[in-house]
Amino acid sequence: GAVTAYRESSAPKAHASLTAVFIQEMLDERGLTLADCDAVCVSKGPGSYTGLRIGVSFAKGMCYALNIPLIAVGSLDALTEVAREDYDAGILDIEDNEWENAYLCPMVDARRMEVYTQVFDTEGKPLSEVAAEVITPESLASWREKGKIVIFGNGAAKCTETLADAILVGVAPSARGIVRLAEEAFNAERFEDIAYFEPFYLKEFLVIPSKKKLL
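Note that the structure is a prediction, hence the values are computed from the model and not measured. (Residues numbered from 1 in each chain as written. Predicted model: local features only at pLDDT ≥ 70, side-chain atom pairs only at ≥ 80, totals over all residues. Heavy atoms only, no water.)

Chemist: Please clarify how the packing of helix α1 (residues 15-30) against helix α2 (residues 49-66) should be interpreted in this entry.
Modeler: Each pair of packed helices gets described by two things: the angle between the helix axes and the distance between those axes. Packing of α1 against α2 brings their axes to within 10 Å, and their N-to-C directions diverge by 35°. For the element pair α1 and α2, the recorded crossing hand is right-handed. Contacts from His 15, Ala 16, Thr 19, Ala 20 and Ile 23 in α1 reach Gly 51, Ile 54, Phe 58 and Met 62 in α2. Of the residues that constitute the contact of α1 with α2, the class distribution is six nonpolar, three polar and no charged. (Axes fitted to C-alpha atoms, helices over the stretch in contact; angles between N-to-C directions. Helix = DSSP H or I, 4+ residues; strand = E, 2+ residues; numbered from the N terminus. Left-handed = near helix turned anticlockwise from the far one by under 90°. Contact = heavy atoms within 4.5 Å. Nonpolar A, V, L, I, M, F, W, Y, C, P; charged D, E, K, R; others polar.)

This is how it looks when you write it as structure tokens:
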């Protein structure tokens, strides 16, 4: 129920170079080895194609080698957990009366005016399905009619002009957002099939040939 060691980095495109290093550092810090692990949890998406592939591949490799379960938590669920933790800690720039009846809308940037988003209540319960949404003045209209929406994540800031009535708060993604959800899944034995589990990309991955001349 608590984080006992963690490492984070905001360096871009550093998943491959830092993941193994961070894991070893945290195990050393706690006086543990890989054999002491009971399960591995990974953020399953939606999000960066490359980041998801690296994270999931690493997690599956550890589970295969150690013969332990794999747990997956949605990226938007985890981002919402961070927002709720930050609010409880009093570090979120929002008034209590605005938060109490708000709808939480984490937003992961999907380029241009598109975001991956989902609506949650302030208890972290999902109220809608995950969607790739092109933000227009009509976006999330049914929720905005019911109350205030609170937007956050790396896709939120670009939406403030279009969604003028939304409340923007600063929430950064963090692995601490998966802790409670991962523990719940572990206790309920909600494990993934290691052989067939794939990241939740939401949109099809498209490979576009480079227009640059390499030779």
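Chemist: How should I be thinking about helix α3 (residues 75-88) in this particular structure?
Modeler: Residues spaced three or four apart along an α-helix face the same direction, because each turn holds 3.6 residues. Spanning 14 residues, α3 covers 20 Å between terminal C-alpha atoms, matching the ideal 20 Å at 1.5 Å per step. Across the 14 residues of α3, eleven count as buried, placing the element largely inside the fold. Among the residues making up α3, those that are buried are Ser 75, Leu 76, Ala 78, Leu 79, Thr 80, Glu 81, Val 82, Ala 83, Arg 84, Asp 86 and Tyr 87. Following α3 by one or two positions, Gly 90 adopts a phi angle in the positive range, close to 75°. (Expected span 1.5 Å × (residues − 1). Buried < 20%, exposed > 50% of the residue type's maximum accessible area, 1.4 Å probe, protein only.)

Chemist: Before we go on, may I ask you to explain a negative patch on the surface in this structure?
Modeler: The grouping of Asp 93, Glu 95, Asp 96, Glu 98 and Glu 100 at the surface amounts to a negative patch. Structurally, the position occupied by Glu 98 is in helix α4 (residues 96-100). (Patch = residues over 30% accessible without salt bridge, like charges linked within 9 Å, V, L, I, M, F, W, Y side chains within 5 Å. Areas by Shrake-Rupley, 256 points an atom, 1.4 Å probe, with all protein chains shown as cover. Salt bridge = Lys/Arg side-chain N within 4 Å of Asp/Glu carboxyl O. Lys, Arg positive; Asp, Glu negative; His and termini not counted. Charge placed at Lys NZ, Arg CZ, Asp CG, Glu CD.)

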